[in-house]
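# Fold and contact review
The residues making up each chain are set out below.
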Amino acid sequence: VLNLVNVVLTLLLGLLMGVLPLTAACLATVALFRHTAGGAHASSPWRCAIITILIFPALALLATYLAHFGNIFSITLSAIAIMLGLAAIVALAPVDNPAAPIISTVRRKRLKALSFIVLLFIIAIIVALGQTGWGQASAFRNGLSLSILWVSFILTRTGHHAFAYLDSVNFTLRRR
């Protein structure tokens, strides 16, 4: 139930910010990629929800803003994201966590292969978007590229440290 509320609130914020379709695209991209590649996790479902609700509409807004820099910028961003995504998969994926360790070497190999397949699928969409004359294609390419960068980041130690820091932040309000 919390995951459903998480997705609904994320999409609602995307709607309020005027970037609903792109928020949904970023969310779907990361969900597909994360399912196979793994990565850093928040310590609680509530922290995960807060991070998700803030990150994905922000990625969509940033992607829309970056689309104003033109096609060459989008192509460059896509190329960088794809290279970093491939490097992250080769070097790191799948990344497990203490709550759900990957013990089986067969499962580990299968998840790595599936991570490549997911990335190839996302790359195909990015390339296809580049071939269309659709006005929003650049923003969506940027959104998918930023999503790849986000997943690549959360596969790294730095990403794990960032989540550990967010886990250490006390969100409670104290009365004096």
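Everything quoted here is computed from the prediction, not taken from an experiment. (Residues numbered from 1 in each chain as written. Predicted model: local features only at pLDDT ≥ 70, side-chain atom pairs only at ≥ 80, totals over all residues. Heavy atoms only, no water.)

A few words on the overall build of the protein. Secondary structure assignment for the protein yields seven helices and zero strands. For the protein, the C-alpha radius of gyration of 17 Å lies close to 16 Å, the compact-globule estimate for 176 residues. Summarising its shape, the C-alpha atoms of the protein cover approximately 50 × 50 × 30 Å along the three principal directions. Scored against the burial criterion, the 176 residues of the protein give a buried share of 39%. As displayed, the protein has an accessible area near 10200 Å², and 72% of this comes from carbon and sulfur atoms. (Helix = DSSP H or I, 4+ residues; strand = E, 2+ residues; numbered from the N terminus. Rg over C-alpha atoms; globule rule 2.2 N^0.38 Å. Buried < 20%, exposed > 50% of the residue type's maximum accessible area, 1.4 Å probe, protein only. Areas by Shrake-Rupley, 256 points an atom, 1.4 Å probe, with all protein chains shown as cover.)

The biggest cluster of nonpolar side chains holds 40 residues, and the ones touching the most others in it are L22, F33 and W150. Put simply, the parts of the chain that give this core at least two residues each are α2 (20-37), α3 (45-66), α4 (71-91), α5 (105-131) and α6 (137-155). Among the elements that take part in this core, α6 stands out by supplying ten residues, more than any other. Setting aside residues no more than four positions away along its own chain, F33 makes contact with G38, I89, S115, V118, L119, I122, I148 and V151. (Core = buried A, V, L, I, M, F, W, Y, C linked by side-chain atoms within 4.5 Å. Contact = heavy atoms within 4.5 Å.)

Let us look at the packing of α4 against α5. Relative orientation of the contacting elements α4 and α5 amounts to 175 degrees, with a least axis distance of 10 Å. Our classification of the angle between α4 and α5 gives roughly antiparallel. Residue-level contacts link S78, I82, G85, L86, I89 and V90 of α4 to K112, S115, F116, L119, I123 and I126 of α5. Of the residues belonging to the contact of α4 with α5, the class tally is eight nonpolar, three polar and one charged. (Axes fitted to C-alpha atoms, helices over the stretch in contact; angles between N-to-C directions. Parallel < 35°, antiparallel > 145°, perpendicular 65-115°, else oblique. Nonpolar A, V, L, I, M, F, W, Y, C, P; charged D, E, K, R; others polar.)

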